[in-house]
Structure formats: C-alpha cells, structure tokens
Amino acid sequence: MRTSLHTAVGTLTGLVGLVTLAALGVASPASATTTPLAYVALGDSYSAGSGVWPPDPQAPPECARSSSSYPHVIATVTGADLTDVTCGAAQTKDFSASQYPGVAPQLDALGPGTQLVTLTIGGNDNNVFIGSIAACGSAGAATLGQGSPCKDLYGSYFDDQIDAKTAPAVAQALADVHARAPHARVAILGYPWILPPTVGCFTKMSIAEGDVPYLREIQGHLNAVIARAATQTGSTYVDFSQVSEGHDACQPIGTRWVEPVLFGTNTVPVHPNALGESAMAAQTMSVLHLR
C-alpha cells in the first residue's frame, strides 16, 4: 500500500491543510530530483484522520482512514513515499497482531529501509479515551452539568489504568518499532487537547463542570506517559500541550482542532478535523525539522 505523493491534495479539505502549513512556515514539497523519504505511518484514528473527508480509497473500510490525515499532509509537503497502515480504534496490540480479518499487523509495514515512522497510539488501550469521555458524558448528563459526578465515581481508576497498563504497552510498542526499523527516525505524537483547562461547553460536550479539569488531567497524564516512553526508547515526542491550547473541542469552527460530541462537523466525534490534522502535521515537521 505504497503511494508516492508528489502532487498537491486536490480536495477542499486538502487545500485547507496546505494553506495551514504554508501559514505556519512549512517548506514546500521536495523537488523531483530528491530521493523520496521512505515513510511509514502507524497508529490509531488520530493518525488515520478518522472522520475527515475524503476517505482513503486504498484503506480497509474498517480503518476509517482519510486522505487528509496528518501522515498524508506530511507526505504531500515533503514528497515522501508514504506507506500508511494507520487504522481507527487501533491499540498497541494491533502492532503485532491483526486488528481486523485481512488487515496485517502494523509492524509488518516496517523494514530496514524505513527512514521515518510517525504514530499516535495509547489512547484506545484499556478504553482510556472512549471510556473516560463516555463515562463522564453520561454522568454529566445525569446531573445536568453540575458537580463532578465522574470524578466522584471513578476517582483514580483511569489514571491507574494508564500507569499499570498503557505505559508499558506504549514503551514496548515503540521498542518493537525500532527493532523492525532500526535506521528510522521514530516520532510519536501526543494527543491535542480535547477540553479546555477549566470551563467546558456542556451543550457540545456533556461533561459536568467539575469533571472538565478531571478529564483534562487524565489526558495530560496519558500524554506524559507517552512522552516518557519516547525518552525511554530513543524516540522523538511531538508535544501538543502548548500549540493545541485554545483549539479544543469547545472552540468555534475554524479555531478548534478537535470536534465535539454534539454539533460537530466530523462523522467521528472527539477527533481532529482537517484543520487539526494539518496542524498535527505542521508541528511534527517542525519538531523533526523536515524540509
């Protein structure tokens, strides 16, 4: 599933991505005389751009992969030769085993000739993202947004799962990537902020007032664990804690990078939109000094 992406994205969504990158000072595509970078994209729905138009025609339908995902934007801008095996709902276990019938383990895409690997992974392990958001959304709806019912009910449960299970799984996944692609630069991305620090948006994200900082801290904990795994394995961590501030799901269209549960524009809520995927690409290229 290798595609050489030397042409600009031809859809409106893709154009939004390229305009965003240009505004952020990202370099233009590599010249035709340059040997394309052997680039493999791994990871979950944040890497796959799930819910962003248009869908990738080469992807298994179950993976909900977009042609405007951040790996595709990176490949378009840099002229890289992209092998994209990202898949929505992927967990670390899907690196070494088939996620769906007919879908190969993601690590199978790597080899000694791989030069660059990017990924987001860990958010689906132990149901951290979906579980915490769904649980807190239900609790918030029950109290009409008052109090901190989710924190009161679950306490440290999600944080404990991150420390006990997600942390070692992400570190092992990164070690496995390096073993399969020993000459590659490996960059693992953190997850852009889903919620603001304190005041939420109950009509779009039914999280109770007191649970907004609770969920935000859980996401911060997950990102910290991912950053630590990157350091432990000699990988590069792409940090979004500052650049995604003010672009959470509570912000208006054109500002937010992540879509809310209600009144959003993506078919998959609580995921990056086209602007978010483009911004993730720009931050990754900035950190990696890709030109």
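Residues numbered from 1 in each chain as written. Predicted model: local features only at pLDDT ≥ 70, side-chain atom pairs only at ≥ 80, totals over all residues. Heavy atoms only, no water.

This part is about the overall build of the protein chain. The secondary structure content of the protein chain amounts to eight helices and six strands. When the helices and strands of the protein chain are placed in sequence order, the string is β-α-β-α-α-β-β-α-α-α-β-α-β-α. Within the protein chain, buried positions represent 56% of all 291 residues. Partitioning the contacts of the protein chain with sequence separation of at least 6, the portion at a separation of at least 24 is 73%. As displayed, the protein chain has an accessible area near 11,800 Å², and 59% of this comes from carbon and sulfur atoms. (Helix = DSSP H or I, 4+ residues; strand = E, 2+ residues; numbered from the N terminus. Buried < 20%, exposed > 50% of the residue type's maximum accessible area, 1.4 Å probe, protein only. Contact = heavy atoms within 4.5 Å. Areas by Shrake-Rupley, 256 points an atom, 1.4 Å probe, with all protein chains shown as cover.)

Turning our attention to the packing of helix α3 (residues 70-78) against helix α8 (residues 274-288). Contact geometry for α3 and α8: axes closest at 8 Å, N-to-C directions at 55°. Considered as vectors, α3 and α8 are oriented oblique to each other. Crossing of α3 against α8: the hand is right-handed. The residues of α8 that touch α3, namely those facing Tyr70, Val73, Ile74, Val77 and Thr78, are Glu277, Ser278, Met280, Ala281, Thr284 and Met285. Taken together, the residues of the contact of α3 with α8 sort by class into seven nonpolar, three polar and one charged. (Axes fitted to C-alpha atoms, helices over the stretch in contact; angles between N-to-C directions. Parallel < 35°, antiparallel > 145°, perpendicular 65-115°, else oblique. Left-handed = near helix turned anticlockwise from the far one by under 90°. Nonpolar A, V, L, I, M, F, W, Y, C, P; charged D, E, K, R; others polar.)

The next point concerns the pattern of salt bridges. Per the stated rule, a full pass over the model turns up six salt bridges. The shortest N-O distance in the salt bridge between Asp56 and Arg65 comes to 3.8 Å. Overall, the relative accessible area of 8% leaves Asp56 in the buried class. Close ionic contact of Arg216 with Glu245 constitutes a salt bridge, the shortest N to O distance being 2.6 Å. In this pair, Arg216 is assigned in helix α7 (residues 211-233) and Glu245 in the loop between β6 (236-238) and α8, connecting sequence segments 29 residues apart. Residue Arg216 is classed as buried on the basis of its relative accessible area of 11%. (Salt bridge = Lys/Arg side-chain N within 4 Å of Asp/Glu carboxyl O.)

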